[in-house]
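Structural characterization, general
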Amino acid sequence: MTSRTLPKKTRLSREDRLDHILEAAAELFSQYGYQGTTTKAIALNCNINESLIYRHFPTKRDLYEALLDQILYHWRDEILPAFMACDDLPLEQALVKICQAVVDQFHDDPRLIRMMLYSSLESPEYAKNFFQKELPINKFLENFLQKRKSRGELNSTDVPLLAKTFLALIFQHLTIKEIYQSPTYFSHPETEVIQFFVKTLLNGVEA
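These remarks concern the structure in this document. (Residues numbered from 1 in each chain as written. Predicted model: local features only at pLDDT ≥ 70, side-chain atom pairs only at ≥ 80, totals over all residues. Heavy atoms only, no water.)

1. Digging into the overall build of the protein
Counting its secondary structure elements, the protein contains 10 helices and zero strands. Each helix and strand of the protein, ordered N terminal to C terminal, gives the series α-α-α-α-α-α-α-α-α-α. For the protein, the proportion of its 207 residues judged to be buried stands at 41%. Long-range pairs, those at least 24 residues apart, make up 69% of the contacts in the protein with a sequence separation of at least 6. (Helix = DSSP H or I, 4+ residues; strand = E, 2+ residues; numbered from the N terminus. Buried < 20%, exposed > 50% of the residue type's maximum accessible area, 1.4 Å probe, protein only. Contact = heavy atoms within 4.5 Å.)

2. A few points about the packing of aromatic side chains
With the rule as written, the count across this model stands at eight aromatic pairs. Aromatic side chains Phe-29 and Tyr-34 sit 5.9 Å apart centroid to centroid with 5 degrees between the ring planes, which places their arrangement in the stacked category. This pair shows no difference in class: Phe-29 is buried, exactly as Tyr-34 is. With 6.2 Å between their ring centres and 75 degrees between their planes, Phe-83 and Phe-144 make a pair best called edge-to-face. (Phe/Tyr/Trp six-rings, centres within 6.5 Å; stacked < 30°, edge-to-face > 60°.)

3. Brief notes about the packing of helix α5 (residues 91-108) against helix α10 (residues 190-203)
Contact geometry for α5 and α10: axes closest at 9 Å, N-to-C directions at 130 degrees. Between α5 and α10, the crossing angle belongs to the class labelled oblique. Handedness of the α5/α10 crossing: right-handed. Contacts between α5 and α10 involve Leu-91, Glu-92, Leu-95, Val-96, Cys-99, Gln-100, Val-103 and His-107 on the former and, on the latter, Glu-190, Thr-191, Ile-194, Gln-195, Val-198, Lys-199, Leu-201 and Leu-202. Here the residues of the contact of α5 with α10 sort into nine nonpolar, four polar and three charged. (Axes fitted to C-alpha atoms, helices over the stretch in contact; angles between N-to-C directions. Parallel < 35°, antiparallel > 145°, perpendicular 65-115°, else oblique. Left-handed = near helix turned anticlockwise from the far one by under 90°. Nonpolar A, V, L, I, M, F, W, Y, C, P; charged D, E, K, R; others polar.)

4. Digging into the side chain of Thr-175
Tracing the sequence through the fold places Thr-175 in helix α9 (residues 159-179). On the accessibility criterion, Thr-175 (16% relative accessible area) is buried. Ignoring sequence-local partners within four residues, the contact set of Thr-175 consists of Ile-113, Leu-117 and Tyr-180.

5. Notes on the environment of Ile-53
Along the polypeptide, Ile-53 turns up in helix α3 (residues 50-56). Sequence-distant contacts of Ile-53, that is, excluding residues within four places in its chain, are made with Ile-21, Thr-39, Ile-42, Ala-43, Ile-48 and Leu-63.

6. Things to note about α10
Taking 1.5 Å as the rise per residue, α10 with 14 residues should run 20 Å; its terminal C-alpha atoms sit 20 Å apart, in good agreement. Among the residues of α10, those classed as buried are Glu-190, Val-193, Ile-194, Phe-197, Val-198 and Leu-201. Each buried residue of α10 sits inside an arc of 135 degrees when the element is viewed along its axis, so together they form one side. Exposed and facing more than 90 degrees away from the buried side of α10 are Phe-196 and Asn-203. Buried-residue contacts for α10 involve α5 and α9. Phi turns positive, to about 75 degrees, at Gly-204, one or two residues after α10. (Expected span 1.5 Å × (residues − 1). Arc of directions from axis to C-beta.)

7. Focus on the nonpolar core
Counting 58 residues, the largest nonpolar core has Phe-29, Ile-42, Leu-63, Leu-95, Leu-145 and Phe-166 as its most contacted members. Of the residues forming this core, the biggest block, nine residues, is contributed by helix α4 (residues 60-85). In this structure, Phe-166 is in contact with Leu-95, Cys-99, Leu-141, Phe-197, Val-198 and Leu-201, ignoring residues within four places of it in sequence. (Core = buried A, V, L, I, M, F, W, Y, C linked by side-chain atoms within 4.5 Å.)

8. As for the pattern of salt bridges
In the structure shown here, the tally under the stated rule is 12 salt bridges. Note that Glu-65 and Arg-61 form a salt bridge whose closest N and O atoms lie 3.2 Å from each other. Of this pair, Glu-65 and Arg-61 both sit in helix α4, four residues apart, which is roughly one turn of the helix. Among the salt bridges present, the one from Asp-77 reaches Arg-76, with a minimum N-O distance of 3.2 Å. Residues joined in a network through salt bridges with shared partners are Asp-87, Lys-147, Arg-148, Arg-151 and Glu-153. (Salt bridge = Lys/Arg side-chain N within 4 Å of Asp/Glu carboxyl O.)

9. Thoughts on unusual backbone geometry
Its identity as a non-glycine residue notwithstanding, Asn-47 has a phi of 60 degrees, on the positive side. On the secondary structure map, Asn-47 appears in the loop between α2 (39-46) and α3.

Geometry only, nothing functional implied.
Below you can see the structure in the form of structure tokens.
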């Protein structure tokens with residue numbers, strides 16, 4: 001009788017295990033918020049014992065913080081090349097491309113905006129903590145606009161406020177599309193909406 005060796009279970013490395021836990025947490029936090037997500041549910045989603053989560057993250061808050069950091073670092077890595085690629089383009093064309101890159105990233109992974117909204121609704125403490133983190137889009141856009149101002153391409157005296165105004169337009173558009181799932185609110189194609197946002201930012205609203 002020939003003996004048969006059963007395949008051994010593949011053991012994940014510590015880094016892979018952490019990524020596995022954070023991925024499962026991202027799905028649940030973005031669907032149910034911080035309060036509505038338990039470590040037990042995350043463990044079930046990972047198919048692991050709940051105690052393993054606490055080996056890596058002493059509290060649920062620590063897990064949430066680590067997840068936010070991971071998402072923001074990922075955003076930095078994805079968005080920074082878009083800003084760098086637009087450095088030599090005319091200002092209006094560059095802002096259109098930057099805006100499209102931000103919109104595309106949100107469409108690819110809407111979990112960040114969902115977690116932002118949940119943080120605001122669930123607790124002022126969570127919302128405050130979220131915005132105390134270094135949001136890469138804000139920083140990149142402010143630096144980009146400041147550089148263009150130094151070149152004489154931009155007349156605004158308040159670059160940080162200009163950057164936040166532009167991002168507010170983008171986030172309002174994305175909230176309606178990704179959160180409210182309303183495809184008809186904006187009657188124009190998304191590319192035209194983005195171009196209008198940029199023209200409004202640069203030229204203002206004529207009387």
